[in-house]
Amino acid sequence: ARASQQQDMPHASFLRNHGKTSRTPRRPFEKQRLDIEMKLIGEFGLKNKREVWRTQLTLARIRKAARQLLTLDEKEPKRLFEGGALLRRLTRLGVLDETKGQLDYVLALKPADFLERRLQTQVFKLGLAKSIHHARVLIRQRHIRVGKQIVNIPSFMVRTDSQKHIDFSITSPYGGGRPGRNKRKAIKDKGGGGGGGDDEEDME
């Protein structure tokens, strides 16, 4: 009896959440879409197309929720509660402006609005990096912190209240920490003299 019960029980992998984080396009070789995707990858320094598709799926789910809420009456409790929560969440992320506090504005959002709030984009716009690609390298090499926390995920979504707390980490050579490997080597070779510029070092 115990053996039959074990056979009936689903495998542990079956119980895991396998929700999709991105969705591949239906028409893989549509020129207009390919051009738009390449423009986004170049503008925001993305690693691959999946990062674009992931943002598009997130936006599609948000817009779907907004469309469903718009079909309800304005005084419907579900629309007031869930609609207000959705708008607050998007405003907190900085995707929606505070003046655009209506669900209609959610339908007008574009993937670029979300990509604009990535940590990689914010680091570049704050002038901490020379280029959008340099910003990605700095984040991956743990030179950037948000508040007191080091963040090494370029796609980290920056909230409006966290934006002013983006800076170099305390342990980073850029933030007054220990010099990088090449700088230490140069100082040692020169017998304690000044080394090369920070920009061309291989930081640790």
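Overview of the structure.

Rules behind the numbers
- Residues numbered from 1 in each chain as written.
- Predicted model: local features only at pLDDT ≥ 70, side-chain atom pairs only at ≥ 80, totals over all residues.
- Heavy atoms only, no water.
- Axes fitted to C-alpha atoms, helices over the stretch in contact; angles between N-to-C directions.
- Helix = DSSP H or I, 4+ residues; strand = E, 2+ residues; numbered from the N terminus.
- Parallel < 35°, antiparallel > 145°, perpendicular 65-115°, else oblique.
- Left-handed = near helix turned anticlockwise from the far one by under 90°.
- Contact = heavy atoms within 4.5 Å.
- Nonpolar A, V, L, I, M, F, W, Y, C, P; charged D, E, K, R; others polar.
- Pairing = 2+ DSSP bridges.
- Polar contact = N/O pair within 3.5 Å; in protein donor to acceptor, adjacent residues only side chain to side chain.
- Patch = residues over 30% accessible without salt bridge, like charges linked within 9 Å, V, L, I, M, F, W, Y side chains within 5 Å.
- Areas by Shrake-Rupley, 256 points an atom, 1.4 Å probe, with all protein chains shown as cover.
- Salt bridge = Lys/Arg side-chain N within 4 Å of Asp/Glu carboxyl O.
- Lys, Arg positive; Asp, Glu negative; His and termini not counted.
- Charge placed at Lys NZ, Arg CZ, Asp CG, Glu CD.
- Buried < 20%, exposed > 50% of the residue type's maximum accessible area, 1.4 Å probe, protein only.
- Arc of directions from axis to C-beta.

1. Considering the packing of helix H4 (residues 49-70) against helix H5 (residues 77-93)
At a minimum axis distance of 10 Å, the contact between H4 and H5 shows a crossing angle of 150°. Relative to H5, H4 is oriented roughly antiparallel. Taken as a pair, H4 and H5 cross one another with a handedness that is left-handed. Counted together, Ile-62, Ala-66, Leu-69 and Leu-70 of H4 and Lys-78, Arg-79, Glu-82, Gly-83, Leu-86, Arg-89 and Leu-90 of H5 form the full contact between these two elements. A per-class count over the contact of H4 with H5 returns 6 nonpolar, 1 polar and 4 charged.

2. Observations concerning the sheet that holds strand E1 (residues 144-146)
Pairing within the open sheet is antiparallel, and its 3 strands lie in the order E2-E1-E3. What marks the edges here is a single partner per strand, and that holds for strand E2 (149-150) and strand E3 (166-168). Inspection of the sheet shows E1 paired to E2 by 2 bridges, in the antiparallel sense. Bridging across to E2, Arg-145 finds its partner in Ile-150.

3. Notes on the environment of Arg-145
Tracing the backbone shows Arg-145 in strand E1. With near-sequence residues (within four places) excluded, Arg-145 lies in contact with Ile-150, Val-151, His-165, Ile-166, Asp-167, Phe-168, Ser-169 and Ile-170. Within the structure, Arg-145 has its side chain in polar contact with the backbone oxygen of Gly-147 (distance 2.7 Å).

4. A short note on a negative patch on the surface
Taken together, the side chains of Asp-73, Glu-74, Glu-76 and Asp-104 make up a negatively charged region of the molecular surface. Here Asp-104 shows up in helix H6 (residues 103-107). Under the relative-accessibility criterion, Asp-104 is labelled partly exposed at 46%.

5. Description of a positive patch on the surface
Taken together, the side chains of Lys-20, Arg-23, Arg-26, Arg-61, Lys-64 and Arg-67 make up a positively charged region of the molecular surface. Looking at where Arg-61 falls in the secondary structure, it is placed in helix H4.

6. Here we look at helix H9 (residues 132-140)
Three or more residues of H9 are buried, namely Ile-132, Ala-135, Arg-136, Leu-138 and Ile-139. Down the axis of H9, the buried side of the element spans an arc of 165°, and every buried residue falls inside it. Residues of H9 that are buried sit in contact with helix H3 (31-44), H4, helix H8 (119-125), E1 and E3.

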